[in-house]
Amino acid sequence: KNAFHVLRKRELGFSTFRETQRSCERSLIQGLEQVRQPVSKMLRSAFVCHFFEFSQNGYFLATGGKNILLYDTTTIERWNSTNIPEPQDEESGVVSSAPFKVSLSGRLVGWNILDVTTTGTSYQPSFLYSSWCDAVHFVRLSEDCTRVLSHEPIYLIDSPVNRMAIFGLKCVPFTPNLFLSATSGGCLYLADLHTTQVVRKINAHTFDCNTVDIVGRGNCSGNLVVTGGDDCLIKVWDLRTPYSNNSNTDFDKPASRFDGHTEGIAHISTAKNGINFISNGKDQCLKVWDIRKPIGKTHHMNSLPWDESWDYRSGLPPSCKRLNYKISEDCSIRTFSGHCVLRTQVRCCYSPCEQFVAAGSQEGRIFIYCMKTGGNVKILNSGENTVIRDVCWHPEAPILMSAGWDGAIRKWSTNTF
């Protein structure tokens, strides 16, 4: 049974709307399968994958090592893989069976590009990327996205530091010249692309600020921002609030706070409805939150003592005592478990219908959970013992893309159409 037959049955009056909705969702998820080989292979670990749209054309960005690839997704349903040879050197860096528009080498990368985001400008395609340095790089492309017009750094601090990483990037909707950076040291920066100056610095978290996202992308004004850090806390910030903008150790007060994770927050993804968001934690849990239900003002999280003996980058899970620890003030509305957030900050995402969430995992699998039932509805296995670091759903087609530490960009498609 495929989606076409389900919809045809509804049109003939043989099923209700609710039955049709459940059948369509089930058929789209259960039909996901992997192409036999990766559609692209990079010399170093693939870290980020991201869909975006410009001038009614769809594009797909992927990064690995210092390489950035931009694909035209008009032919994504025909992307077929063959036996791709391994890349031989850092200069070539990439072997791909899918046609890409631009291949770009990042600057001041360190060991890998950490995040990428599009600026959302309507007059010129462009994107930002970050890595293990104190600068965000701004790349402008030609109108047909085949040439790089400019490639410039935007420094967030005046004097260089020994250790700085920009873990998360997000452009502010409806204000495409502004972007947010989640950095090591727990700071959140709001900067201007045109002036290349920092507009605001927020002392957000005690430890590293690992992720940032905009609440209600596409439907709201973009004034509310949600961040997650290694202090196990999720905080919501209102960009209309004047924060102290100081450089000392005083922490700014968020608009609201969400407690529930017992280890650091690896990634946050918001829903388009402006209400819900999901977080992937190093406590091996994916949690769903309602922004209208933060922790009460009189409550304080009974945080676990910092465990210096355990490091998620080692690939070993935390002790059973810490995994089974429950926070009495946990205000999440649903919790999923089964995937492994180890060795790197594994990411998660919503499906286009927002009825499912997907998360990568350390052992080369992708877990898909159902928001309605709270269960695991699908596990996709890459067949490789490698970390699946990032996943992203195509906004329209039943296609899921993933980026793995084996350097592979994989396409997971459905056989229902």
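Read on for an overview of the structure. (Residues numbered from 1 in each chain as written. Predicted model: local features only at pLDDT ≥ 70, side-chain atom pairs only at ≥ 80, totals over all residues. Heavy atoms only, no water.)

Strand order in this open sheet of four strands is 12-13-14-15, and the pairing throughout is antiparallel. Edge positions in the sheet fall to strand 12 (166-171) and strand 15 (198-203), since each has one partner strand and no second. Mean inter-strand twist for the sheet, computed between neighbouring axes without regard to direction, equals 20 degrees. By the bridge criterion, five bridges tie strand 14 (residues 187-192) to strand 15 in an arrangement that is antiparallel. Paired with C187 across the strands is N203, a residue of strand 15. (Pairing = 2+ DSSP bridges. Helix = DSSP H or I, 4+ residues; strand = E, 2+ residues; numbered from the N terminus. Axes fitted to C-alpha atoms, helices over the stretch in contact; angles between N-to-C directions.)

Moving on, we come to the sheet that holds strand 16 (residues 209-214). Taken together, four strands build an open sheet; the order of strands is 16-17-18-19 and the sheet is antiparallel. A strand with exactly one partner marks an edge of an open sheet, and here the two such strands are strand 16 and strand 19 (256-258). Direction aside, neighbouring strands of the sheet carry axes that sit 25 degrees apart on average. Alignment of strand 16 against strand 17 (residues 224-229), held across five bridges, turns out to be antiparallel.

Further remarks concern the pairing of strand 11 (residues 148-155). Note on strand geometry: in a regular strand, side chains alternate between the two faces of the sheet. Taken together, the seven bridges between strand 10 (residues 135-141) and strand 11 define a ladder with antiparallel strand orientation. Residue pairing in the sheet places V139 in a bridge with H151 of strand 11. Count of turn residues in the strand 10/strand 11 antiparallel hairpin: six residues, of which C145 carries a positive phi of about 60 degrees.

Turning our attention to the packing of aromatic side chains. Remark: the centre distance and the inter-plane angle together describe each pair of aromatic rings, the angle taken between the planes. Taken as a whole, this structure holds ten aromatic pairs when the rule is applied. Residues F51 and F60 carry aromatic rings whose centres are separated by 4.9 Å and whose planes lie at 45 degrees to one another, so their mutual orientation is tilted. Residue F60 is classed as buried on the basis of its relative accessible area, which comes to 0%. Taking 6.3 Å as the distance between ring centres and 15 degrees as the angle between the ring planes, the aromatic pair formed by F277 and W289 counts as stacked. Taken together, the positions of F277 in strand 21 (residues 276-281) and W289 in strand 22 (residues 285-290) put the pair twelve residues apart, joining distant regions of the chain. Accessibility expressed as a relative area gives 1% for F277, which makes it buried. Judged by its relative accessible area of 0%, W289 falls in the buried class. Taken together, the ring pairs in this structure connect F51, F60, Y71 and F100 into an aromatic cluster. (Phe/Tyr/Trp six-rings, centres within 6.5 Å; stacked < 30°, edge-to-face > 60°. Buried < 20%, exposed > 50% of the residue type's maximum accessible area, 1.4 Å probe, protein only.)

Attention now goes to unusual backbone geometry. Here L108, not a glycine, exhibits a phi torsion of approximately 50 degrees, which is positive. Within the element layout of this structure, L108 appears in the loop between strand 7 (100-105) and strand 8 (115-118). The class for L108 is partly exposed, based on a relative accessible area of 49%. Positive phi outside glycine occurs at E354, with the angle close to 60 degrees. Examined against the element boundaries, E354 turns out to sit in the loop between strand 24 (348-350) and strand 25 (356-359).

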